[in-house]
Amino acid sequence: MIVGIIGSGGREHALCLKLNQSKIIEKIYCFPGNAGTNLIANNIEINISDFKKIKKICEEKKIEMLVVGPEKPLVEGISDYFKNSNIKIFGPNKLASQLEGSKTFTKKICKKFNIPTSKFEIFESKAEALKFLKNSKFPIVVKADGLASGKGVYICKKFEESKKAIEEIFEGRFGIANLVLIEEFLIGEEMSYFIISDGKTFKSFQSAQDHKRVGEGDTGPNTGGMGAYSPSRLNSDDLEDKINRRIILPTLKGLNDLGTNYVGFLYVGLMIVNNEPYLIEYNVRMGDPECQTILPLLNSDLGEIIKLCCDEKLELAKIEWLNKKSLCVVLCSKGYPGAYKKNVKIDNLENLKTDENQFIIHAGTKFEKNNFYAIGGRVLNVIAISDTFGESKMQTDKILKKINWKDGFYRSDIGYKVISK
Ligand code: AMP
Ligand code: GLY
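Think of each chain on its own: its residues are numbered from 1, step by step along the sequence as written. In the order they appear in the text, chains get letters beginning with A and ligands get numbers beginning with 1. With pLDDT at 70 or above as the cut-off, local features in this predicted model cover only qualifying residues; side-chain atom pairs require 80 or more to be listed or tallied, and sums for whole chains, interfaces and linings still use all residues. Heavy atoms throughout the structure, all of them, feed into the side-chain values; hydrogens and water do not.

### Quick look at the overall build of the protein
Scanning the protein from terminus to terminus reveals twelve helices and 21 strands. Scaling as 2.2 N^0.38, a compact globule of 421 residues should have a C-alpha radius of gyration of about 22 Å, and the protein matches this with 21 Å. For the protein, the C-alpha atoms occupy an extent of roughly 60 × 50 × 40 Å along the three principal directions. Throughout this description, buried means an accessible area under 20% of the type-specific maximum (1.4 Å probe, protein chains only), exposed means over 50%, and partly exposed covers the range between. When burial is assessed residue by residue, the protein has 55% of its 421 residues classed as buried. Contacts: residue pairs with any heavy atoms within 4.5 Å of one another. Taking the intrachain contacts of the protein between residues at least 6 apart in sequence as the baseline, contacts between residues at least 24 apart amount to 67%. In the structure as shown, the protein presents an accessible area of about 19,000 Å², 48% of it carried by carbon and sulfur atoms. His residues and chain termini do not enter the charge count, which takes Lys and Arg as positive and Asp and Glu as negative. Every charge is mapped onto a representative atom, which is NZ of Lys, CZ of Arg, CG of Asp or CD of Glu. With 62 positive and 53 negative side-chain charges, the protein shows a spacing of 2 Å between the two charge centroids. Helix numbering and strand numbering both begin at the N terminus, where a helix is a DSSP run of H or I of at least 4 residues and a strand a DSSP run of E of at least 2. For the radius of gyration, the atom set is restricted to C-alpha positions; the globular benchmark scales as 2.2 Å times the number of residues to the power 0.38. For the accessible areas, the method is Shrake-Rupley and the probe is 1.4 Å, while residue cover comes only from the protein chains on display.

### Quick word on the packing of aromatic side chains
To pair, rings of Phe, Tyr and Trp, with the six-membered ring standing in for Trp, must have centres within 6.5 Å; the planes then decide the type, stacked if under 30 degrees apart, edge-to-face if over 60, and tilted in the middle. Here the structure, examined in full by the defined rule, presents ten aromatic pairs. Taking 6.1 Å as the distance between ring centres and 75° as the angle between the ring planes, the aromatic pair formed by Tyr-154 and Phe-174 counts as edge-to-face. In this pair, Tyr-154 is assigned in strand β8 (residues 153-156) and Phe-174 in the loop between α8 (159-170) and β9 (180-184), connecting sequence segments 20 residues apart. Every member of this aromatic cluster is reached through a ring pair, and the members are Phe-90, Phe-205, Phe-265 and Trp-321. By definition, being over a ring means that NZ of Lys or CZ of Arg is both within 6 Å of the ring centre and within 35 degrees of the ring normal. Looking at Lys-111, its charged tip hangs above the ring of Phe-120, at a distance of 5.3 Å from the centre.

### Details of the site of ligand 2
Nearness of a residue to a molecule or strand requires only that one of the residue's heavy atoms be within 4 Å of it. Close contacts around ligand 2 come from Asp-210, Gly-224, Tyr-267, Asn-283, Arg-285, Gly-287, Asp-288, Pro-289 and Glu-290, and that covers them all. At a separation of 3.0 Å, a nitrogen atom of ligand 2 approaches a polar side-chain atom of Asp-210. Distance and chemistry together define a polar contact, namely a pair of N or O atoms within 3.5 Å, with one atom able to donate a hydrogen and the other to accept it when in protein, and with adjacent residues in sequence counting only for side-chain atoms on both sides. Within the backbone of Asp-288, a nitrogen or oxygen atom sits 2.9 Å from an oxygen atom of ligand 2. When the free accessible area of ligand 2 is taken as 200 Å², the share hidden by the protein chains comes to 88%. Basically, the charged four are Asp, Glu, Lys and Arg, the nonpolar ten are Ala, Val, Leu, Ile, Met, Phe, Trp, Tyr, Cys and Pro, and anything else, Gly included, counts as polar. Residues belonging to the shell around ligand 2 are distributed by class as follows: two nonpolar, three polar and four charged.

### Brief notes about the pattern of salt bridges
Note on definitions: salt bridges are taken to be side-chain nitrogens of Lys or Arg within 4 Å of carboxyl oxygens of Asp or Glu. In total, this model carries 29 salt bridges according to the counting rule given. Its salt-bridge partner being Lys-163, residue Glu-167 comes within 3.7 Å of it at the nearest N-O pair. Residue Glu-167 and its partner Lys-163 are located together in helix α8, separated by four residues, close to a single helical turn. For Glu-167, a relative accessible area of 22% puts it in the partly exposed group. One salt bridge connects Glu-190 with Lys-212, and the closest N-O pair in it is separated by 3.7 Å. Here Lys-212 lies in strand β11 (residues 202-215) and Glu-190 lies in strand β10 (residues 189-198), a separation of 22 residues in the sequence.

### Re the sheet that holds β9
Pairing between two strands is assigned when DSSP locates at least 2 bridges connecting them. Spatially, the four strands line up as an open sheet ordered β6-β9-β7-β8, and their pairing is antiparallel. Of all the strands in the sheet, the pair left with one neighbour each is β6 (120-123) and β8. Geometrically, the sheet is characterised by an average inter-axis angle of 20° between neighbouring strands, direction not taken into account. Sheet topology places strand β7 (residues 140-144) next to β8; four bridges connect them, and they run antiparallel. Each residue of the ladder has a partner; that of Val-141, found in β8, is Ile-155. All axes are obtained by fitting lines to C-alpha atoms, using only the stretch in contact for helices, and the reported angles, taken between N-to-C directions, cover 0 to 180 degrees.

### Quick notes on helix α2 (residues 51-61)
Those residues of α2 that fall on the buried side of the exposure criterion are Phe-51, Ile-54, Ile-57 and Cys-58. Axial view of α2: buried residues confined to an arc of 125°, hence all on one face. Residues of α2 that are exposed and point more than 90 degrees away from the buried face comprise Lys-52, Lys-56 and Glu-59. Summarising the contacts, the buried residues of α2 are in contact with β1 (2-7), β2 (27-32), β4 (65-68), α3 (71-75) and α4 (78-82). Positive backbone phi, approximately 60°, marks Lys-62, located one or two places after α2. Think of the arc as the fan of directions from the helix axis to the C-beta atoms.

Written as C-alpha cells, this is what we have:
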C-alpha cells in the first residue's frame, strides 16, 4: 500500500525507516519529513495543520493510510477529519487526544476511576491558586493546562517560585490559560511505557527511559529529550500488569464512557515509587526520542501492525521484540533549548558507515545543494543496539566522534544509570 507519515522529527524518520521495511508498503510520502526521510521516501512541503490540503495530496498520490507522528494535528482533530474518508488514519481523535491536550481532562478521569496519580487541585483564578499555595507543602508542581511542548511544568521549591509560575501561566506564556493545575511532587524514578490500541484492545509497545534535562547528570532546563534507552531498567511483568490494570484499562473505560475510544500509540509517563506506578502524564503519540530508541528493537512488521490497528484487528497482530539493549543519544544545535543558529552545515554525514545495528536518525535537518543542514534544536539521533547498554553506548560514542559536528553538542552520560563504570 501507499502510506503517508505526518511530521518532521526524529520520531517520524524512525517510523519511516521501519515502515520502509514493511512487506505491505510499497511507497511512503512524508508531510513534510526531513533530510533523513528524503533518502527513503518522498517529502512533501506542507503545513501539517492544513488537513484539506493533506487530503487533496493523499487523493492525488493514492495514499491509503496516514500515520500521524506529532500531537498537534491530533489535538486539532486530524483523525476526525479523515474518519469518513477512504484514507485510514492511525492516531486518536480530537476528544481522545485531550489525554495530552488537557492535563485537567486526564486528572478528572484519574479521579473518577481512582487511577494512581499525584494528588492535585485545579484552579480557575490566580487568587484562588495563590491562596492554596500559601498553605501548601513544598516542593510542589504547577502546570499549565494545555499543550505546551513539554514546557509549562514548574517544579517549585518555594512559594515565590510557585507564585511566579502561576503569574506566567495566567499571563498566557503557554497560550490562553483558563486553568492551572497544582499537584503533589512525587519522588521516584520516571519510566515511559507505551501501548498501541485499535479502539477495542491494546498491546504493550515497550518501555524506555529518557533524559529530559539538557545538562550532564540530569541538570539544567528541560528539553524535548536528550537521549533515551530501552527497555527501562524498572520494567517487569509485574509492573506492566499493574500499569495495564490500574492505569490503562480504566483510562480506556473513561474514554468509552465519554462515547469514544482510542486508536494509536499511547505514551504513558510514569513515576515509579517503590515499584508502584503513578501516572504523571499521557502523550497521544510515541515519544521522541523514545520512538527512535524503541523501534530498532521491533522484530515484527510495523506496517502490518498499524494497518491491523486501523482495521480494528489488533488482536491478530504479532508484536515481537529483539532481546537487545537500545541506546539513543541526541545531537543538538549549540544553544538548545535556548536560541540557536539555523541553516548550519553538517559535514561528515554522507560517507559515514554504520552497521545493521547502528542507526543515524534525522530530526531538525534539511538537504539542500548536496549538503545537510541543521534547522532545528534537536538535529540527529545516534542509536545502537547490542547485548548490553555499555556496548551500545560505546558504539554511539564512536559514531558521534566520527560526525564531530563543531556546531553541535550532546550529553555524554546518556544511560548512566544502566551502565556500570
Ligand atoms: P509533564 O509535562 O507533565 O510530563 O512534566 C514534565 C516533567 O516534570 C516530568 O517528566 C517530570 O520529570 C516532572 N514532573 C511532572 N509532574 C511531576 C510530579 N507530580 N512529581 C514529580 N515530578 C513531576
Ligand atoms: N521524550 C518526551 C516526549 O516525547 O514528550
